[in-house]
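Examination of the molecular architecture
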Amino acid sequence: MKKKVLRKKTRQYLTSTLIFFLVLALAGLYWSFTRPSVKEETYQAFSYSQEANIDYTVNLHPNDLFDEPSLGPGRAYISALTDTIGTKFTYQFSAQEEAEIKGELSVIASLEATTGPENHAVWEKSFILHPPESFQANGKDFVLQKDILLPFSLYYAYAEEITEKIGFNPDVLNLNVSYNVALTANTPDGAVEEAASPQMIIPLKGKVFAVSGNLQDTKSGEITAARKIDAPYFEEAKIGFGLSAILLVLFLLLIVQMTVAKEEKNKAVRQKLSRILKKYQDRVVKCSAEIPILNQHNVLMVSSFEDMVKAADELERPILYFQTKEESEHSFFVISEQYVYRYNLGESFFSSANNTPRKHLARLSK
């Protein structure tokens, strides 16, 4: 089979390009076989949210200033007219799935006296408004409500008594009320431990006060877990890289086996021509121009120079040699009365239909 002649740079470019992509395909094939068929994925197994909220009303002593017995939140209040502060604490826990919920609630009030620009603590007195109380439930949603009454007038009088007794008037004197919830939720994916601590701050120093502090505490969270899943496109990657490698190897073999560099071909042709002319120098006649008789005879292409020698021996004719102007093809001829036998050394391709039949050469010897 005749090889296709390409320029040397073109052939090198095609070969190097195929080798480059073959290396990539083999690397991908190696990666597809060595990477794990499964991978670990982190997902949200359990999610939840919690909200703690404090609402309040200020209850008044009987007086001639206000007709209503209590005032709502979000305003200033006269300390001397305030009797108690009613608080309503609400805690809500909501989960994605059902859980076993356990926890504890406590409420503590403390009088805190501070002084100086950095609010250094001077004295503190704590009172338990609601001792630790346990709770438990099962389900997705849990709501806990508790009403706590703050004896404001008692705390206010107690603070004035201490101030007068010790003879020290602090810069800041507050009543801090903390509502503390500690919760544990046991789920199939693990345990959740959360806490909420909203706080009321009520000033006791001065004639008027306003309630402040962190009256709402909102938080959300989740439990994450790991699971193994099939790696995407695992089999497809192996098949794709494998087929690509096979096709690239085939293309590379085709380039190597079916093509030849023009420079290499010319060198091989010159070497073979040199051997022919040296071996058969007494039988080869060199022609300086193309033989015009070719247009008037039936031309039979001969597949090898040895067949040309056989034809010349049987016909007792000389072997004529002609070289093209480009010096890339070299033609040998044996001319009979009916046919012209031609052998081209270095032509780009052969036509199988014009090859000299072996039977015809055999008939020349009869």
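It should be emphasised that the depicted structure is a prediction, and the values quoted were computed from it without experimental measurement. (Residues numbered from 1 in each chain as written. Predicted model: local features only at pLDDT ≥ 70, side-chain atom pairs only at ≥ 80, totals over all residues. Heavy atoms only, no water.)

So, on to the sheet that holds strand 17 (residues 339–345). Taken together, five strands build an open sheet; the order of strands is 13-15-16-17-14 and the sheet is mixed. Two strands lie at the open edges of the sheet, namely strand 13 (284–286) and strand 14 (298–301), each paired on one side alone. With strand direction ignored, the average angle separating the axes of adjacent strands in the sheet is 30°. In this structure, strand 15 (residues 319–323) lies alongside strand 16 (residues 330–335), joined through four bridges in antiparallel fashion. Looking across to strand 16, one finds that Phe322 is bridged to Ser331. (Pairing = 2+ DSSP bridges. Helix = DSSP H or I, 4+ residues; strand = E, 2+ residues; numbered from the N terminus. Axes fitted to C-alpha atoms, helices over the stretch in contact; angles between N-to-C directions.)

Approximately 160 Å³ is the volume found for the second largest pocket. Lining the second largest pocket, in full, are Tyr156, Ala159, Glu160, Thr163, Asn169, Pro170, Leu173, Leu204, Lys205, Gly206 and Lys207. The element contributing the most residues to the lining of the second largest pocket is helix 2 (residues 152–166), with four residues. Here the lining of the second largest pocket is built from residues that sort into five nonpolar, three polar and three charged. (1 Å grid on protein atoms, 1.4 Å probe; cavity = no way out; pocket = protein on both sides within 12 Å on 5 of 7 lines; lining within 4 Å. Points joined across faces, edges and corners; volume = space filled by probe spheres on them. Nonpolar A, V, L, I, M, F, W, Y, C, P; charged D, E, K, R; others polar.)

Moving on: the environment of Pro117. Here Pro117 is to be found in the loop between strand 5 (82–115) and strand 6 (120–150). In this structure the C-alpha to C-alpha distance between Pro117 and Asp171, which are 54 residues apart in sequence, comes to 9.1 Å.

Below, the discussion takes up the pattern of salt bridges. This structure, assessed with the given rule, holds five salt bridges. Between Lys102 and Glu100 there is a salt bridge; the shortest N-O distance is 3.5 Å. By relative accessible area, Glu100 is classed as partly exposed at 34%. Where Lys219 meets Glu194, a salt bridge forms, and the shortest distance between an N and an O atom there is 3.4 Å. With Lys219 in strand 11 (residues 216–230) and Glu194 in strand 8 (residues 190–196), the pair connects residues that are 25 residues apart, well separated along the chain. Its relative accessible area of 34% is what places Lys219 among the partly exposed residues. (Salt bridge = Lys/Arg side-chain N within 4 Å of Asp/Glu carboxyl O. Buried < 20%, exposed > 50% of the residue type's maximum accessible area, 1.4 Å probe, protein only.)

Before going further, it helps to spend a moment on the pairing of strand 17. Along strand 17, six of the seven residues are buried, which leaves the element largely enclosed by surrounding structure. Pairing of strand 14 with strand 17 involves four bridges; the strand directions are parallel. Looking at the pairing, Leu300 lines up with Tyr341 of strand 17. Inspection of the sheet shows strand 16 paired to strand 17 by six bridges, in the antiparallel sense. Across the sheet, Ile335 pairs through a bridge with Val340, a residue of strand 17. Hairpin connection, strand 16 to strand 17: the antiparallel pair is bridged by three residues.

Grouped together as the largest cluster of nonpolar side chains are 49 residues, with contacts concentrated most on Ile85, Tyr91, Phe93, Met200, Ile202 and Leu204. For this core, the secondary structure elements donating two or more residues are strand 2 (38–60), strand 5, strand 6, helix 2, strand 7 (172–187), strand 8 and strand 9 (199–203). Of the residues forming this core, the biggest block, 12 residues, is contributed by strand 5. Setting aside residues no more than four positions away along its own chain, Tyr91 makes contact with Gln50, Glu51, Ala52, Phe142, Val143, Leu144, Val181, Leu183 and Ala196. Core analysis: the next-biggest nonpolar cluster, separate from the first, contains 20 residues, Leu277, Val334, Tyr339 and Leu345 among them. (Core = buried A, V, L, I, M, F, W, Y, C linked by side-chain atoms within 4.5 Å. Contact = heavy atoms within 4.5 Å.)

A separate point is the packing of aromatic side chains. Within this structure, the stated rule accounts for 17 aromatic pairs. Judged by centre distance (5.4 Å) and plane angle (35°), the ring pair of Tyr77 and Phe209 falls under tilted. Note that Tyr77 is positioned in strand 4 (residues 76–78) and Phe209 in strand 10 (residues 208–210), a separation of 132 residues in sequence. For Phe209, a relative accessible area of 2% translates into the label buried. Through successive ring pairs, a cluster of aromatic residues spans Tyr280, Phe305, Tyr321, Phe332 and Tyr343. (Phe/Tyr/Trp six-rings, centres within 6.5 Å; stacked < 30°, edge-to-face > 60°.)

Moving on, we get to the side chain of Thr187. Topologically, Thr187 is positioned in strand 7. At 2.6 Å, the side chain of Thr187 and the backbone oxygen of Gly190 are in polar contact. In contact with Thr187, not counting residues within four places along its chain, are Phe46, Ala99 and Ile223. (Polar contact = N/O pair within 3.5 Å; in protein donor to acceptor, adjacent residues only side chain to side chain.)

A separate point is the environment of Leu149. With respect to the helices and strands, the residue Leu149 is situated in strand 6. Look at Leu149 and you get exposed, because its relative accessible area is 53%.

With that settled, the discussion passes to the confidence of the model for the protein. Of all residues in the protein, 86% attain a pLDDT of 70 or more, and the chain-wide mean is 83. Considering each helix and strand of the protein separately, the mean pLDDT is smallest for helix 6 (residues 358–364), with a value of 44, and largest for strand 9, with 96. For residues 348–366, every residue scores under 50 in pLDDT, and the model assigns this stretch 29 contacts once sequence neighbours within four places are set aside. (pLDDT = per-residue confidence, 0-100.)

With respect to the helices, strands and loops of the structure, Glu337 is situated in the loop between strand 16 and strand 17. Under the relative-accessibility criterion, Glu337 is labelled exposed at 73%.

So, about unusual backbone geometry. Of note, Asn119 is a non-glycine position whose phi angle comes to about 55°, a positive value. Structurally, Asn119 is set in the loop between strand 5 and strand 6. The class of Asn119 is partly exposed, set by a relative accessible area of 44%. In this model, Glu316 sits at a positive phi of 55°, which is unusual for a non-glycine residue.

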